[in-house]
Amino acid sequence: MAKKIIVAIDGWSSCGKSTLAKQLAKELGYIYVDSGAMYRAIALYFLRNNIDLTSTKDITVALKNINLEFIFNAQNGSSEIFLNGENVEYLIRDMLIAEKVSNVAAIKEVREFAVAQQQKMGAKKGIVMDGRDIGTVVFPKAELKLFMTADSAIRVQRRFKELFEKNPNISIEEVKDNLELRDYIDSNREVSPLKQAKDAIVLDNSNLSEKQQFQLAVDWVKEKI
Ligand code: DC
């Protein structure tokens, strides 16, 4: 049997990280973990409970009351995130959360909370995880690290299409501003900012089809197992 590895996928917002990560996990029979969903669910909890992001004490207490779980949905074939027993997979994709999540994800205590859980999930390997700090902080020894990027206009279009299906009132400017701001905060924060791991393979999918990028990634995985 082939050895099990960890595949760490990092990169800018709306680069198609989760699409590729899901496809790879399915192909390999691995667990897929969307680490961004964890930060989004925490942001949702903070929003609902009016947590003061400047108060370490309030944040620490809030985190003690948060339980995150990924549960596989056999109907759509993907795992969904549950916040204290509630399926919030759909809710966390809202623009309201997109506007708040980068500030929440920049908080040291929040990152320690999420990273500890992510490392536990990967302890037995056989996992594909996507995010911003997976290859640098969560699994610095991951056997395969990908750093995904794409032309920013293409990324805006992709995210706009996704959000427009849910909310036809959304404007492309709104999506563009949000993506730019999130990328700025994510790559400039003090604690584990988004950056390319030294040993990561860069995957620019601006001009690649989903099928082409999947094939490339499968070939890289094969070299490792
Ligand atoms: O991948 P996403 O867009 O769902 O991520 C939501 C936010 O969470 C993103 O703005 C940055 C943050 N994030 C992070 O800081 N570290 C991760 N490993 C994953 C996401």
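Here the structure is shown first, and the text comes after it.
First things first, this report covers the structure right here in the doc. (Residues numbered from 1 in each chain as written. Predicted model: local features only at pLDDT ≥ 70, side-chain atom pairs only at ≥ 80, totals over all residues. Heavy atoms only, no water.)

**Let's talk about the sheet that holds strand E6 (residues 127-131)**
Backbone-to-backbone hydrogen bonds join strands into a sheet, with any given pair of strands oriented parallel or antiparallel.
Consideration 1: In spatial order, the strands read E2-E6-E1-E7-E8; together these five strands make up an open sheet with parallel pairing. Among the strands making up the open sheet, the edge pair consists of strand E2 (31-34) and strand E8 (201-204). The mean inter-strand angle of the sheet, taken between neighbouring strand axes irrespective of direction, is 20°.
Consideration 2: Direction of pairing for strand E1 (residues 6-11) relative to strand E7 (residues 144-149): parallel, over a ladder of five bridges. Bridge pairing in E7 places Ile9 opposite Leu146.
Consideration 3: Each of E1, E7 and E8 is contacted by helix H9 (residues 210-224), which is oriented at about 160° to E7, the strand it contacts most. (Pairing = 2+ DSSP bridges. Helix = DSSP H or I, 4+ residues; strand = E, 2+ residues; numbered from the N terminus. Axes fitted to C-alpha atoms, helices over the stretch in contact; angles between N-to-C directions. Contact = heavy atoms within 4.5 Å.)

**Overview of empty space enclosed by the protein**
Consideration 1: If you walk through the whole model with that rule in mind, you get three cavities of 30 Å³ or more.
Consideration 2: Roughly 40 Å³ of internal volume is contained in the largest cavity.
Consideration 3: Of all elements in the fold, only helix H4 (95-105), helix H7 (152-166) and helix H8 (172-188) reach the threshold of two or more residues within the lining of the largest cavity.
Consideration 4: Here the lining of the largest cavity gets three residues from one element, more than from any other, and that element is H8. (1 Å grid on protein atoms, 1.4 Å probe; cavity = no way out; pocket = protein on both sides within 12 Å on 5 of 7 lines; lining within 4 Å. Points joined across faces, edges and corners; volume = space filled by probe spheres on them.)

**A short note on the nonpolar core**
Consideration 1: Ranked by internal contacts, the top residues of the largest apolar core, which has 37 residues, are Ile42, Phe46, Leu63, Ile66, Leu68, Ile81 and Val110.
Consideration 2: Those elements that provide at least two residues to this core are E1, helix H2 (35-48), helix H3 (56-64), strand E4 (78-83), H4, helix H5 (108-121), E6 and helix H6 (134-138).
Consideration 3: Among the elements that make up this core, the one with the highest residue count is H2 (nine residues).
Consideration 4: Beyond its immediate stretch of four places on either side in the chain, Ile42 contacts Leu63, Ile66, Leu68, Val104, Val110 and Phe113.
Consideration 5: With 21 residues, the next largest nonpolar core counts Ala21, Tyr30, Met148 and Ala217 among its residues. (Core = buried A, V, L, I, M, F, W, Y, C linked by side-chain atoms within 4.5 Å. Buried < 20%, exposed > 50% of the residue type's maximum accessible area, 1.4 Å probe, protein only.)

**Focus on the layout of surface pockets**
Consideration 1: Its volume calculated, the largest pocket comes out at about 1300 Å³.
Consideration 2: Residue lining of the largest pocket: 44 residues in total, with Ser18, Thr19, Arg93, Arg159 and Glu162 positioned closest to the centre.
Consideration 3: The element best represented in the lining of the largest pocket is H7, accounting for seven residues.
Consideration 4: Residues of the lining of the largest pocket, tallied by class, amount to ten nonpolar, 14 polar and 20 charged.
Consideration 5: When its volume is computed, the second largest pocket comes out at roughly 240 Å³.
Consideration 6: Contributing to the lining of the second largest pocket are Lys22, Gln23, Ala25, Lys26, Tyr30, Ile31, Tyr32, Phe72, Gly77, Ser78 and Ser79.
Consideration 7: For the lining of the second largest pocket, the secondary structure elements donating two or more residues are helix H1 (17-28), E2 and E4.
Consideration 8: Looking at side-chain class alone, the lining of the second largest pocket contains five nonpolar, four polar and two charged residues. (Nonpolar A, V, L, I, M, F, W, Y, C, P; charged D, E, K, R; others polar.)

**Thoughts on the site of the ligand**
Consideration 1: Lining the immediate environment of the ligand, one finds 15 residues, of which Arg40, Arg111, Asp133, Asp186 and Arg189 sit closest.
Consideration 2: At 2.7 Å from an oxygen atom of the ligand is found a side-chain nitrogen or oxygen belonging to Arg40.
Consideration 3: Arg132 places a polar side-chain atom, nitrogen or oxygen, 2.9 Å from an oxygen atom of the ligand.
Consideration 4: In the complex, 96% of the free accessible area of the ligand, which totals 440 Å², lies under the protein chains.
Consideration 5: In this structure, the ligand is accommodated by the largest pocket.
Consideration 6: Those elements that provide at least two residues to the shell around the ligand are H2, H4 and H8.
Consideration 7: Sort the elements by how many residues they give to the shell around the ligand and H2 lands first, with four residues.
Consideration 8: In the shell around the ligand, the residues fall into four nonpolar, four polar and seven charged. (Near = heavy atom within 4 Å. Polar contact = N/O pair within 3.5 Å; in protein donor to acceptor, adjacent residues only side chain to side chain. Areas by Shrake-Rupley, 256 points an atom, 1.4 Å probe, with all protein chains shown as cover. Sits in = over half its atoms within 2 Å of the grid points.)

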